[in-house]
Amino acid sequence: MTDTNKAAVLLAAYDDQLRGGSEAADVPTSTDGPVIRVEYPNRGFVSYRSLEGVEDLDGLIARQRDYFAAKNQPVEWKTRGHDLPADLTDRLTAAGFVPEERETVVIAESADIVDRLQGRDQVDGVTIRRTAEEADFKRIAAMESTVWNADWSWLTDDLVRRQATGLTDIFVAEADGEVVSAAWAVYKKGTDFTGLWGGSTLEEWRGKGIYKALVAARAARAVELGYKYLQVDASDDSSPILQRLGFLPVTTTTPYVFTPQS
């Protein structure tokens, strides 16, 4: 099978399994026609599989905006590059939504990545392990704060919540007792997919193979648990690395966010 044909198969699986309800696991939701309105504690999120057949799309967009604006909450409408109609993003912009950074959706078969990264799941001087300890989550949050030069202390509670679902494995990379990188695997219940998140690394430890080792560790865990595919919403920095590892780009994703005036 050519990469083009394989990418088409992967995109079909992505649309079928990772859109709609699967984006809203364990979070309160309501529906409005084809869209699922996801209600996180402090923000909204709009998910859907297809907008085909919607007669008043502008009205549908406005209702989601106004629903969360009435709660004084921002709302994200997550678009994909292959969504129809082709002018969806123009309609969102006209309704006051603002685009954020575009990412590339890349997918690979878990077993293929395990094979490709055989022997690259370890890095000299670095220990990679799975953790469920809140103390480690705090250390990960501190590392992320350093990487991004911002306060990421909120990540501790986020990782605690993810761990409690039983659908996330958190991996930490340490050198001389210091957390130098971390990443997590999010298993999409009822699907064939594992989402790969994180992977930020302290500047002085980049280029040593830690990111690849964390991908390998998560791929092996996904195979162990029976998840066929790995999926990443990849930044412009991560996408080329992942494609060199065997991931295929299948579409793009851009969040469009409406923030009410306070």
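Before reading further, recall that the structure is shown in the block above.
Residues numbered from 1 in each chain as written. Predicted model: local features only at pLDDT ≥ 70, side-chain atom pairs only at ≥ 80, totals over all residues. Heavy atoms only, no water.

1. A closer look at the overall build of the chain
When helices and strands are counted, the chain shows eight helices and 12 strands. Its C-alpha radius of gyration of 19 Å places the chain within 12% of the 18 Å reference for a compact globule of 262 residues. Each of the three principal axes of the chain carries a C-alpha extent, and together these read 60 × 50 × 30 Å. Burial status across the chain gives 50% buried among its 262 residues. In the chain, the proportion of contacts linking residues at least 24 apart, taken out of those at least 6 apart, comes to 71%. Just so you have it, the chain exposes about 13,100 Å², and 47% of that area is on carbon and sulfur atoms. (Helix = DSSP H or I, 4+ residues; strand = E, 2+ residues; numbered from the N terminus. Rg over C-alpha atoms; globule rule 2.2 N^0.38 Å. Buried < 20%, exposed > 50% of the residue type's maximum accessible area, 1.4 Å probe, protein only. Contact = heavy atoms within 4.5 Å. Areas by Shrake-Rupley, 256 points an atom, 1.4 Å probe, with all protein chains shown as cover.)

2. Points about unusual backbone geometry
With glycine set apart, most residues show a phi of negative sign, and most peptide bonds adopt trans. Residues leucine 84 and proline 85 are joined by a peptide bond in cis, for which omega reads 0 degrees. Backbone geometry at asparagine 149 places phi at a positive 50 degrees, although glycine is not the residue there. Of note, asparagine 149 is situated in the loop between α5 (134-148) and α6 (154-165).

3. Some remarks on the pattern of salt bridges
Two side chains of opposite charge can pair, provided their charged atoms sit close to one another. If you walk through the whole model with that rule in mind, you get 21 salt bridges. Among the salt bridges present, the one from arginine 19 reaches aspartate 15, with a minimum N-O distance of 3.2 Å. (Salt bridge = Lys/Arg side-chain N within 4 Å of Asp/Glu carboxyl O.)

4. With respect to the packing of aromatic side chains
For the structure on display, the rule yields eight aromatic pairs. Geometrically, the ring pair formed by tryptophan 152 and tryptophan 154 is tilted, given 5.1 Å between the ring centres and 35 degrees between the ring planes. A relative accessible area of 22% places tryptophan 152 in the partly exposed class. Aromatic rings pair up to connect Tyr48, Trp77, Phe97 and Phe258 into one cluster. It is arginine 162 that lies over the ring of tryptophan 197; its NZ or CZ is 4.8 Å from the centre. Seen from the ring of tryptophan 205, lysine 208 lies directly overhead, with NZ or CZ sitting 5.8 Å from the centre. (Phe/Tyr/Trp six-rings, centres within 6.5 Å; stacked < 30°, edge-to-face > 60°. Lys NZ or Arg CZ within 6 Å of the ring centre and 35° of its normal.)

5. Considerations on the packing of α5 against α6
Two numbers describe how α5 lies on α6: the axes approach to 8 Å, and their chain directions differ by 135 degrees. Here α5 lies oblique to α6, going by the angle between them. Judged by the twist between their axes, the crossing of α5 over α6 is right-handed. Along its contact with α5, which presents Glu134, Phe137, Lys138, Ile140, Ala141 and Glu144, the element α6 presents Leu155, Thr156, Leu159, Val160 and Gln163. For the contact of α5 with α6, a count of residues per class yields six nonpolar, two polar and three charged. (Axes fitted to C-alpha atoms, helices over the stretch in contact; angles between N-to-C directions. Parallel < 35°, antiparallel > 145°, perpendicular 65-115°, else oblique. Left-handed = near helix turned anticlockwise from the far one by under 90°. Nonpolar A, V, L, I, M, F, W, Y, C, P; charged D, E, K, R; others polar.)

6. Things to note about the environment of glutamate 134
Looking at the secondary structure, you find glutamate 134 in helix α5. With a relative accessible area of 41%, glutamate 134 lands in the partly exposed category. Along the chain, glutamate 134 and threonine 156 lie 22 residues apart, while their C-alpha atoms are 7.2 Å from each other. Residues contacting glutamate 134, with those up to four places away along its chain left out, are Thr156 and Val160.

7. Focus: the nonpolar core
Within the largest apolar cluster, 27 residues are counted, with the highest numbers of intra-cluster contacts made by Val126, Ile140 and Ile210. Secondary-structure elements contributing two or more residues to this core are α5, α6, β8 (168-175), β9 (178-187) and α7 (210-225). In terms of residues, this core owes the most to one element, β9, which gives six residues. Setting aside residues no more than four positions away along its own chain, valine 126 makes contact with Ala173, Glu174, Ala175, Trp205 and Ile210. Tyr187, Tyr211, Ala222 and Leu230 belong to the second largest nonpolar core, which has 20 residues in total. (Core = buried A, V, L, I, M, F, W, Y, C linked by side-chain atoms within 4.5 Å.)

8. Looking at the side chain of serine 47
Here serine 47 lies in strand β3 (residues 44-47). Among the residues examined, serine 47 registers a relative accessible area of 0% and is labelled buried. Setting aside residues no more than four positions away along its own chain, serine 47 makes contact with Arg19, Gly20, Glu23, Pro34, Val35 and Ile36.

9. Describing the environment of tryptophan 77
Topologically, tryptophan 77 is positioned in strand β4 (residues 75-80). A relative accessible area of 0% means that tryptophan 77 is categorised as buried. Each C-alpha atom, one on tryptophan 77 and one on alanine 135, is 34 Å from the other, the two residues being 58 residues apart in sequence.

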